[in-house]
Amino acid sequence: MYVSILVPPFGREATVNAIMKVVERKRKKNVRVAVTGLLRTPACNEEYERLRKEVNIDLHEKVLAMKAESIRMREVGSSFLDMDDLIQAGCFLEDGVHLLQEGETKLSQRFIRWIRATHLLMEGRMD
């Protein structure tokens, strides 16, 4: 499962808490979760970009702490996948929000790599 939210409707803290609540529910069900955080889009203004960066920093820290705990407990973990270097302005439709096929392909390929890597990791733990 992956969690990706484009628009932070409630501000920094509420957005982070809402995402982490979903991640924690899935974690309790032993589901691997990839959190991409808030995606940069051509349609965002300066305020959105500032909030997006702050939320992503908070999410990264929380997911990293959760991952450390998962490793310690030998459980299925969560990961933060940074998409900033991957999803560029040319990956979006003219509306600046929805992804073109190229953007969807890049996003999907990143998730496939994550799924394979975590699957191999989990297989190693089960030996």
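The structure presented is a predicted model; accordingly, all values stated were derived computationally and were not measured.

A. Highlighting the overall build of the protein. A count of helices and strands for the protein gives 3 helices and 3 strands. Going from N to C terminus, the protein has its helices and strands arranged as β-α-β-α-β-α. Scored against the burial criterion, the 127 residues of the protein give a buried share of 37%. As displayed, the protein offers around 7900 Å² of accessible surface, 56% of which is attributable to carbon and sulfur atoms.

B. Looking closely at the pattern of salt bridges. All chains considered together, the criterion is met by 8 salt bridges. In this structure, the salt-bridge partner of R50 is E47, at a minimum N-O distance of 2.3 Å. In this pair, R50 and E47 both sit in helix α2 (residues 46-73), 3 residues apart, roughly one turn of the helix. Its relative accessible area of 38% is what places R50 among the partly exposed residues.

C. Layout of the nonpolar core. With 13 residues, the main nonpolar core has V16, I19, M20, V23, V35, V55 and L59 as its most contacted residues. Among the elements of the structure, α1 (12-28), β2 (33-38) and α2 are those that each provide at least two residues to this core. When residues in this core are grouped by element, the largest group, 6 residues, is from α2.

The rules we used
- Throughout this document, residue positions are counted from 1 along each chain, in the order its sequence is written.
- With pLDDT at 70 or above as the cut-off, local features in this predicted model cover only qualifying residues; side-chain atom pairs require 80 or more to be listed or tallied, and sums for whole chains, interfaces and linings still use all residues.
- Side-chain metrics rest on all non-hydrogen atoms present in the structure, leaving aside hydrogens and water.
- For the purposes of this entry, the term helix denotes a DSSP run of H or I that reaches at least four residues, the term strand denotes a run of E that reaches at least two, and both are numbered from the N terminus.
- To sort residues, take the accessible area from a 1.4 Å probe on protein chains only and compare it with the maximum for the residue type: under 20% means buried, over 50% means exposed, and anything in between is partly exposed.
- In short, Shrake-Rupley with a 1.4 Å probe defines the accessible areas, and a residue's cover is counted only from the protein chains shown.
- When a carboxyl oxygen of Asp or Glu is within 4 Å of a side-chain nitrogen of Lys or Arg, the pair counts as a salt bridge.
- Here, nonpolar core refers to any group of buried Ala, Val, Leu, Ile, Met, Phe, Trp, Tyr and Cys residues whose side-chain atoms link them within 4.5 Å.

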